[in-house]
Amino acid sequence: MGNHSDYQLPPEVVSKFLAVSHRQHLAPRQELFGLGSTPQAMFGLLSGRVRVSVYSEDGLQFFAAQLAKGEWFGEVPLLDEVARAFHVEAIESSEVAVLPANEFWNVVNEDPSTLLAITRLVCSRYRATLGWIEDACMKPFAARLASRLVTLAAEEGQADERVHLSQEMLAFQLGVARQTVNRQLKIWEQAGLIELRYATVRLLRLKELHQIAKIPHP
């Protein structure tokens with residue numbers, strides 16, 4: 001799995017993008033863009049958190065990712081000019097920088113090295129996707145859940161290793177029933193590895209969770 005910094009652009013590129021962007025405030029659960037919408041901008045998350053979702057053919061929503069402050073997203077549809085494949089909405093009160101497509105291409109045309117930074121961002125997400133596929137196909141559920149928790153904790157960057165995500169959303173992301181997630185979390189809570197609170201999991205013994213996830217502890 002990649003680190004949170006893998007999904008951020010270099011400061012000099014961010015500076016150029018912010019100079020030609022406008023800001024948009026999102027209330028909790030407010031949609032930023034929908035599945036199938038026309039790509040008209042790229043976005044940078046200035047504060048808060050947003051949720052990326054996909055939908056099945058029968059209309060069921062599945063959690064795909066959570067993005068945090070400092071991450072830029074929505075670049076791929078600007079590159080291939082195909083309708084958006086995801087739905088994005090705010091988890092909490094958030095502010096995003098909206099970079100219109102024409103301004104994106106103006107920056108890229110003026111400084112082609114910007115496109116290299118975007119390419120690296122896309123590659124980081126591609127590698128993360130391959131990692132998620134490997135987890136889903138080859139790892140037992142406990143390892144997948146531990147991997148998700150330690151990754152989310154690293155992305156949130158909380159000093160006390162808290163993951164702010166409901167068990168329902170963890171289940172959506174892992175493609176299992178909420179009861180399956182709850183059962184494993186309760187086992188870990190009883191063992192003293194975690195502490196459960198409303199929509200929050202505090203990781204108490206991070207080294208052991210890394211071992212369960214089969215991820216080297218930093």
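Residues numbered from 1 in each chain as written. Predicted model: local features only at pLDDT ≥ 70, side-chain atom pairs only at ≥ 80, totals over all residues. Heavy atoms only, no water.

**Q** How would you sum up the environment of L18? Please name residues and give values.
**A** As for its position among the elements, L18 is in helix α1 (residues 11-19). Remark: the alpha-carbon pair of L18 and A97, spanning 79 residues in sequence, is separated by 6.9 Å. Ignoring sequence-local partners within four residues, the contact set of L18 consists of L46, W72 and A97. (Helix = DSSP H or I, 4+ residues; strand = E, 2+ residues; numbered from the N terminus. Contact = heavy atoms within 4.5 Å.)

**Q** Lay out helix α8 (residues 206-213) with the relevant residues and their values.
**A** Considered for burial, the residues of α8 that qualify are L206, L209, H210 and A213. The arc that holds every buried residue of α8, seen down its axis, measures 105°, which confines them to one face. For α8, the exposed residues lying more than 90 degrees away from the buried face are K207 and Q211. Downstream of α8 by one or two residues, K214 has phi in the positive range, about 60°. (Buried < 20%, exposed > 50% of the residue type's maximum accessible area, 1.4 Å probe, protein only. Arc of directions from axis to C-beta.)

**Q** Quick rundown of the sheet that holds strand β11 (residues 200-203)? Include the residues and the values.
**A** Pairing within the open sheet is antiparallel, and its 3 strands lie in the order β9-β11-β10. On the outer flanks of this sheet lie β9 (162-163) and β10 (194-197), each paired with one strand and no other. For β10 and β11, the ladder comprises 4 bridges, and the chain directions are antiparallel. In the sheet register, L196 faces β11, and the bridge partner there is V201. Helix α7 (residues 178-190) contacts β10 and β11 of the sheet and is inclined by roughly 125° relative to β10. (Pairing = 2+ DSSP bridges. Axes fitted to C-alpha atoms, helices over the stretch in contact; angles between N-to-C directions.)

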